[in-house]
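# Fold and geometry: a report
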Amino acid sequence: MCGIVGYIGREQVSPILLDGLTRLEYRGYDSAGLAVFHPEKGLQVVKARGRLQALWDATQQGQAVPGTMGVGHTRWATHGAPNDINSHPQVSQSGKIAVVHNGIIENYVKLKEFLEAKGVVFASETDTEVVAQLLEYYYHGDLLDAVSKVLHRIEGAYALGIVCADEPEQFVAVRKDSPLIVGHGVGFNMIASDVTALISYTREVSYLNDGEVAVLTRDSIQVYDSLMRPVTKEVVHIDWEISAAEKGGYEHFMFKEIMEQPKAIQATISPRIQNGQIVLDELNITQEQLQQLDRIYVIACGSSYHVGMAAKYILERLLRIPVEVALASEFRYSEPIVTERTLAVVISQSGETIDTLAAMREAKRLGARILSIVNVVGSTIARESDDVLYTWAGPEIAVATTKAYSTQLAVVYLLALDFAKKLGKLNEQEYETLVAELEQLPEKAQMILDHTEEIQYFASIYFNHNSIFFIGRNIDYAVGLEGSLKLKEISYIHSEAYAAGELKHGTISLIEDGTLVVALAGWNTLFEKLMSNVKEVKARGADVIGVATQTHAQKLSTQVDSALVIPDVHPMFLPSLEVIPMQLFAYYVALMRGCDIDKPRNLAKSVTVE
Ligand code: F6R
């Protein structure tokens, strides 16, 4: 959601900004722009609505906008339509200060009125323009001083890149509740909203904390805290391969990432299993704290929330501790019952989702211990947690998550088994069997990925449907939620997921001739019950795709129109296998409908506004 890139150095900045923005495209946006300083031309601002290609074209691949210092932005519209006036950079009245901004300035209306009363004329509908105008109002020859004054007046979430034509030897970056990273180069320095925009130029980065302000020149980066006291930042080396953030011959990032799942699951579990024993060195939680836990909250959004739904079945089954799964956006407003004996398991691929971050801070404030499962190293959620278990999925670029979901599940299994062992809830033999099964998951996932033709064929039969239902019981229901979300996100087909037994309490009225129902029947002991639900929908005219394990392959094929068989697996690990045909089905359906798979409409990869 919105992307920021900034550079100061010796190279032509526009192509660097455009390249960085291209690498941030996946975050979601609807317009883009650049502000570049040139000694003779002053501050040049170019914006273009729509895809980034329009900005590449408008600037002649960056060549038409010379200069060696500037900032760029991809905007996901919040305040005001996505047009050239509302796009960023937003400039002050005189045109000498330009600002790019991610987040929302909550008190912008009041500030706008204040400035208008002083005669300032606004050009856009954005909250961001208030920052540019306010900076000019406070600017008396010292940009840092103006920034510090503005920070006292603005409320909300922001990452800001600020350039001033009167101070071309530096630019300023600020962060509060919205990610921003500083990249250390030789003879240049950069900022970006995530590392993918930086790694072709530098792998040495520092993460800004809330309230910090960075002043970048070609040869130095000075960071200040919110009281403008200099602070020394840790420099972290990023070892992600650049190729991991490129398509590598695949048509879509989503397909590449689906295919990478066995490798990603392997990378997540292998280093943590030694001689058949799970070793989670990263955890700081003590045996005593573990024994005192009387409630677990899993807090997350979207697909990460669906991992949480699966986690509930797994953790409760193994630990016999009550687990509540909370949508992060609801958690804060639900007066949650949290004590010092509560563990909050916070799940987030990006580690920057603002709803999740806010809910996590609330849980912490109420006394919970925070254990997060995060993919992006150094992200805010990771840094503010008591314990972090990283998923080693590598960069996930497609908006619709696949490999991050799978690695989050893998971490949930590791965590559940480790805690169960430590709490004496599993005997040695059960533990060993489950760990051995876990180790086989990458291979079983690969078996499904080796035969995508069948799923592609089913997609070709059903891609024209307007309404698709997913049903399942127990953990299969959690997978149904994810299957339905994948389909909705990228193919725009209306879809719902239901606990199979619940359908007849209302939703079954929507089933008519030709409605497609995807029935997840992996949970072996519930197979027959699920088949009864299949009969109910078939009796009302539905076409059914059924998913079950090898054990029930034969029976399944007699009950459904299209059968998808996955390898036999312990029910606890079902989501990891069942989700793959769901992802592939959504992918192929979207492909056949001609959808923009990696950048679905209205969506952003990292959701940094509430
Ligand atoms: C769906 C999807 C979203 C995210 C959600 C949370 O494919 O990607 O639903 O799961 O926005 O994002 P993270 O995990 O980054 O907190």
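Numbers given for residues are sequential positions, taken from 1 along each chain in its written order. Totals for whole chains, interfaces and linings use every residue, but because this is a predicted model, local features are given only for residues with pLDDT of at least 70 and side-chain atom pairs only at 80 or more, for both listing and counting. Each side-chain value is worked out from all heavy atoms of the structure, with water and hydrogens disregarded.

With that settled, consider the pairing of strand S13 (residues 221–224). As defined by bridge partners, strand S12 (residues 213–216) adjoins S13 across four bridges and the pair is classed as antiparallel. By the bridge assignment for S13, Leu-216 is matched with Ile-221. When DSSP finds at least two bridges between two strands, those strands are taken to pair. Segments assigned H or I by DSSP are reported as helices when at least four residues long, segments assigned E as strands when at least two residues long, and all are numbered from the N terminus. As paired elements, S13 and strand S14 (residues 230–231) share two bridges and run antiparallel to each other. Across the sheet, residue Val-223 finds its bridge partner in S14, namely Val-231. Remark: five residues form the turn of the hairpin made by S13 and S14, two consecutive strands paired antiparallel; Met-228 in that turn has positive phi of roughly 65 degrees.

This part covers the domain arrangement of the chain. Once the domains are mapped, the chain shows domain 1 (3–239), domain 2 (245–439) and domain 3 (450–597). We call two residues in contact when some of their heavy atoms are within 4.5 Å. Opposite the 28 residues of domain 2 that make contact, domain 3 presents 27 residues. Definition of a polar contact: a pair of N or O atoms within 3.5 Å, with one able to donate and the other able to accept a hydrogen when the atoms are protein atoms, and with sequence-neighbouring residues admitted only if both atoms are side-chain atoms. Counting across the interface, domain 2 meets domain 3 through nine residue pairs in polar contact (both at pLDDT 80 or more). In terms of residues, the side of domain 2 that touches domain 3 owes the most to one element, helix H9 (residues 302–319), which gives nine residues. Charged means Asp, Glu, Lys or Arg here, nonpolar means Ala, Val, Leu, Ile, Met, Phe, Trp, Tyr, Cys or Pro, and polar covers whatever is left, Gly included. Taken together, the residues that form the side of domain 2 that touches domain 3 break down as 17 nonpolar, eight polar and three charged. An automatic or database domain assignment supplies the start and end points of every domain.

Angle between the axes and distance between the axes: these two values describe a pair of packed helices. Where helix H13 (residues 403–422) contacts helix H19 (residues 574–592), the two axes come as close as 10 Å, and the packing angle between them is 170 degrees. One element, H13, and the other, H19, form an angle in the roughly antiparallel class. Only Pro-575, Ser-576, Val-579 and Gln-583 of H19 make contact with H13, whose side of the interface consists of Tyr-405, Ser-406, Leu-409 and Tyr-413. In terms of residue class, the contact of H13 with H19 is made up of five nonpolar, three polar and no charged. Here an axis means a line fitted to C-alpha atoms, over the contact stretch when the element is a helix, while the angle between two N-to-C directions is reported on a 0 to 180 degree scale. The cut-offs work like this: below 35 degrees is roughly parallel, past 145 is roughly antiparallel, 65 to 115 is roughly perpendicular, and the gaps in between are oblique.

Looking now at the sheet that holds strand S4 (residues 69–75). The eight strands are arranged S3-S2-S4-S1-S10-S9-S11-S15 in an open sheet whose pairing can be described as antiparallel. One side of each edge strand has no neighbouring strand; the edge strands of this open sheet are strand S3 (42–49) and strand S15 (236–237). Relative to strand S10 (residues 189–192), strand S9 (residues 181–184) runs antiparallel, the two being bridged by four bridges. Bridge pairing in S10 links Ile-181 to Ala-192. Sheet strands in contact with helix H1 (residues 13–24) are strand S1 (3–8), strand S2 (31–38), S4 and S10, and its direction is about 155 degrees off that of S1.

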